[in-house]
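Each chain, letter by letter, is given below.
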Amino acid sequence: MPNEKTAPLPSIRTKQPFMTDVAELRRRAREDIEKGAVTAAYRADRVVVVDLLNQALATELVCVLRYKRHQFMAEGIHADTVAAEFAEHAAQEQGHADLLAGRIVQLDGEPNFDPQGLAARSHAEYTRGTDVADMIRENLVAERVAIQSYSEMIHFIGDDDSTTRRLLEGILAVEEEHADDLKTLYASFGKHPDAEVSGVK
Ligand SMILES: [Fe+2]
Ligand SMILES: [Fe+2]
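In this text the structure is predicted, and so the values were computed from the model without any measurement. (Residues numbered from 1 in each chain as written. Chains lettered and ligands numbered in written order. Predicted model: local features only at pLDDT ≥ 70, side-chain atom pairs only at ≥ 80, totals over all residues.)

## Things to note about the packing of helix α3 (residues 46–73) against helix α4 (residues 79–106)
Moving on, step 1. Interaxial distance between α3 and α4 falls to 8 Å at its minimum, and their mutual angle equals 160°. Classified by the angle their axes make, α3 and α4 are roughly antiparallel. Seen along the crossing, α3 lies across α4 with a hand that is left-handed.
Moving on, step 2. Split into classes, the residues belonging to the contact of α3 with α4 amount to 16 nonpolar, six polar and four charged. (Axes fitted to C-alpha atoms, helices over the stretch in contact; angles between N-to-C directions. Helix = DSSP H or I, 4+ residues; strand = E, 2+ residues; numbered from the N terminus. Parallel < 35°, antiparallel > 145°, perpendicular 65-115°, else oblique. Left-handed = near helix turned anticlockwise from the far one by under 90°. Nonpolar A, V, L, I, M, F, W, Y, C, P; charged D, E, K, R; others polar.)

## Remarks on helix α7 (residues 162–188)
One turn of the α-helix equals 3.6 residues, which is why residues spaced by three or four share an orientation.
Moving on, step 1. An ideal rise of 1.5 Å per residue puts 39 Å on 27 residues; α7 measures up with 39 Å between its terminal C-alpha atoms.
Moving on, step 2. Among the residues of α7, those classed as buried are T164, L167, L168, I171, E175, H178, A179, L182, L185 and Y186. (Expected span 1.5 Å × (residues − 1). Buried ≥ 20, exposed ≤ 12 C-beta atoms within 10 Å, placed from the backbone.)

## Some points on the packing of helix α6 (residues 132–157) against α7
Moving on, step 1. Between α6 and α7, the least distance of the axes is 9 Å, while the angle of their chain directions is 155°. It follows from the interaxial angle that α6 and α7 lie roughly antiparallel. Crossing angle aside, the handedness with which α6 passes α7 is left-handed.
Moving on, step 2. Of the residues belonging to the contact of α6 with α7, the class tally is 15 nonpolar, four polar and eight charged.

## Considering unusual backbone geometry
Among all residues save glycine, negative phi is the norm, and among peptide bonds the norm is trans.
Moving on, step 1. At D108, a residue that is not glycine, the phi angle is positive and equals roughly 65°.
Moving on, step 2. Here D108 shows up in the loop between α4 and α5 (118–121).
Moving on, step 3. Here D108 falls in the partly exposed class, since 14 other C-beta atoms lie within 10 Å of it.

## Examining α4
Moving on, step 1. For α4, spanning 28 residues, the distance from its first C-alpha to its last is 40 Å, which sits close to the expected 40 Å at 1.5 Å a residue.
Moving on, step 2. Buried residues of α4: V82, E85, F86, H89, E93, H96, A97, L100, A101, R103 and I104, and no others.
Moving on, step 3. Each element contacted by the buried residues of α4 is listed here: α3, α6 and α7.
Moving on, step 4. Two residues or fewer after α4 comes D108, characterised by a positive phi angle close to 65°. (Contact = placed C-beta atoms within 7 Å.)

Structure follows, in structure tokens:
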């Protein structure tokens, strides 16, 4: 009888072994080999996940386009600082788009880069911005849209596809940093973000 110190943790003692028999695991891996990373253990609805990832991809691509426009159109005494921030965000959004496209392919889907309908597939909007303050505000709004949509996707996927969930969580963390950067930048222009972003002017 094990004493108090050597007894296994209750969770380990009561749980069933999680692994399938190794021979069975190897046999299954050889089946449907053309499915690549998608095995019988994949619990999510693959088609739905690919569709969600394509919506996120469209959102990132629209964000790249909006940030690039704003980067080159920023004018005024703070233009260099603001343009540099926009350029950095654009590059990071492009990186997110690449990660999403890569995961879509891993899930046997096809990343949708079709410019036709891109704006409609995107959750965030492409806004031109009238001046630098307006550009910052519009980007902050778009980041908040992205934060909300990634949060909902993560909640939806739950434990059914942990690789996609971790990917989305990593992107979400960067979107939160972007929103924070823009809030600081907006405040430096003497605007109160909470007041205007929410539409209360
Ligand atoms: Fe992004
Ligand atoms: Fe972002």
